[in-house]
Amino acid sequence: MEIKVENLSKNFKNKKALNNVSLDLQSGGLIGLIGPNGAGKSTLFNILTTLQKPTTGKIFLNNKDIVKNPSLMQKNMGFMPQKVPFLPNLTLKEYLNYIAGIKGIPARNAKMEIESLITKFNLLTVPKKQTLSHFSGGMIQRVGMCVALMGNPQIIVVDEPTAGLDPEERINLRNILSELATEKLVIMSTHIISDIEAVANKIIVLKDGKVKYDGSAIDLMSKASKNVWSMTFPTQTSIKEIEKLGKVSSIVQTMDGIQARIIANQKPTANSINVKPHLEDAYLFLESEGDKA
Ligand SMILES: Nc1ncnc2c1ncn2[C@@H]1O[C@H](COP(=O)(O)OP(=O)(O)O)[C@@H](O)[C@H]1O
Ligand SMILES: [Mg+2]
């Protein structure tokens, strides 16, 4: 599976939600789309999944134009939108059966598939009669994942799937998506970098509707290799003082004082040590580069 996005733009009145985005997305390894709120992540996904039409630009799935033929994409794709839709008065199984019907999955197969999805996303213990209106946000999020994966689609698009999940569920979801990505085209968006730090093969950074980075996590981190510093300040140092030295990646109170990680072009203090960037540092570095431009 290969999706090619060419010069895609989407305007809402006078707002450019996407501004000339070009991407090449392939199966084999999780693709992480990161960017702050309002960057255009959901708009990109809504267009990729054919819910919305681009203002200009083209999208090809295995070289076929899906803006002209949306059903080509719809047949191959499972989508979890950022706001997971559901029918509040149905129970989990009623709802998933209803979705199986829409997806054209035969009843025999549906039963087995639903059982396996419910197990995968730890929804087995939900009381059978509980309707979806009584599910927590995190539970609805997991229902949304069941819907996205039902029918074994070859392309899986998930928009901020970790929102509302507790740490254990987050890790479970991450593992499921990264396993699926060995064979399928899986793309997930998030504004939380640690969600994709360990699992994304390819990272796309979107900001103000533009692609700021498209490549491997390792390359992104190596870009920042000379710019991440670790140092210790006396306990009474004010955070304002520390922030003057560069972009602060982290501040931790320790027995020896305040331990900080700072992104800066030059050694910020005499006792600073140049350290290996984490993905979060590299992301901040990319942002600081953007500020200068
Ligand atoms: N239907 C819409 N009408 C008007 N503006 C929109 C609409 N959808 C998105 N936007 C705007 O487009 C920009 C990108 O939004 P979105 O794609 O939701 O970003 P993200 O998912 O990265 O948070 C934002 O400024 C948002 O307000
Ligand atoms: Mg969004």
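Small disclaimer: the values here were computed from a predicted structure and weren't measured.

Engineer: With reference to specific residues and values, describe the pairing of strand 3 (residues 30-34).
Structural biologist: Counting buried positions along strand 3 gives five out of five residues, so the element sits mostly inside the fold. Side-chain alternation along strand 3 places Leu30, Gly32 and Ile34 on one buried face and Ile31 and Leu33 on a second face that is also buried. Of the strand pairs in this sheet, strand 3 and strand 9 (residues 200-207) are connected by five bridges, and their pairing is parallel. The residue of strand 9 that forms the bridge with leucine 33 is isoleucine 204. In the sheet, strand 3 pairs with strand 8 (residues 185-190) via four bridges, with the strands oriented parallel. Its bridge partner lying in strand 8, glycine 32 is registered against methionine 188.

Engineer: How would you summarise the side chain of aspartate 65 if you had to cite specific residues and measurements?
Structural biologist: With respect to the helices and strands, the residue aspartate 65 is situated in strand 5 (residues 64-65). From its side chain, aspartate 65 meets the backbone nitrogen of valine 67 in a polar contact 2.9 Å long. A polar contact of 3.1 Å, which involves the side chain of aspartate 65, links it to the backbone nitrogen of lysine 68. Among residues more than four places away in sequence, those in contact with aspartate 65 are Ile59 and Phe60.

Engineer: I'd like a rundown of the site of ligand 1, residues and numbers included.
Structural biologist: Neighbouring residues of ligand 1: Phe12, Lys15, Ala17, Pro36, Asn37, Gly38, Ala39, Gly40, Lys41, Ser42 and Thr43. Within the contact set of ligand 1, an oxygen atom lies 2.9 Å away from a backbone nitrogen or oxygen of serine 42. Within the contact set of ligand 1, an oxygen atom lies 2.6 Å away from a side-chain nitrogen or oxygen of threonine 43. Protein contact buries 62% of the 560 Å² of open area that ligand 1 shows by itself. Of all the secondary structure elements, the ones that give two or more residues to the shell around ligand 1 are strand 2 (15-26) and helix 1 (41-48). A total of three residues in the shell around ligand 1 trace back to one element, the largest contributor, which is helix 1.

Engineer: Please provide a residue-by-residue account of the coordination of the magnesium ion (ligand 2), values included.
Structural biologist: Here the magnesium ion (ligand 2) is held by the protein donor atoms Ser42 (OG) and Gln82 (OE1), which lie 2.0 to 2.1 Å from it. Taken as a pair, serine 42 in helix 1 and glutamine 82 in the loop between strand 6 (77-80) and helix 3 (92-102) lie far apart in primary sequence, 40 residues in all.

Engineer: Tell me about the pattern of salt bridges, and name the residues and values.
Structural biologist: Once the charged atoms of two side chains with opposite charge are near each other, the side chains can pair. One pass over the full model with this rule turns up eleven salt bridges. A salt bridge links glutamate 169 to arginine 142; the nearest nitrogen and oxygen atoms lie 2.9 Å apart. One end of the pair, glutamate 169, is in helix 6 (residues 167-180); the other, arginine 142, is in helix 5 (residues 137-149), and 27 residues separate them in sequence. A salt bridge links aspartate 195 to arginine 170; the nearest nitrogen and oxygen atoms lie 3.4 Å apart. With aspartate 195 in helix 7 (residues 194-197) and arginine 170 in helix 6, this residue pair connects regions lying 25 residues apart in the sequence. Given the relative accessible area of 2%, aspartate 195 is considered buried. Overlapping salt bridges, with partners in common, bring together Lys207, Lys247 and Glu287 in one network.

Thresholds, definitions, all that
- Residues numbered from 1 in each chain as written.
- Chains lettered and ligands numbered in written order.
- Predicted model: local features only at pLDDT ≥ 70, side-chain atom pairs only at ≥ 80, totals over all residues.
- Heavy atoms only, no water.
- Buried < 20%, exposed > 50% of the residue type's maximum accessible area, 1.4 Å probe, protein only.
- Helix = DSSP H or I, 4+ residues; strand = E, 2+ residues; numbered from the N terminus.
- Pairing = 2+ DSSP bridges.
- Polar contact = N/O pair within 3.5 Å; in protein donor to acceptor, adjacent residues only side chain to side chain.
- Contact = heavy atoms within 4.5 Å.
- Near = heavy atom within 4 Å.
- Areas by Shrake-Rupley, 256 points an atom, 1.4 Å probe, with all protein chains shown as cover.
- Donors = N, O, S within 2.8 Å, 3.2 Å for Na, K, Ca; no water.
- Salt bridge = Lys/Arg side-chain N within 4 Å of Asp/Glu carboxyl O.

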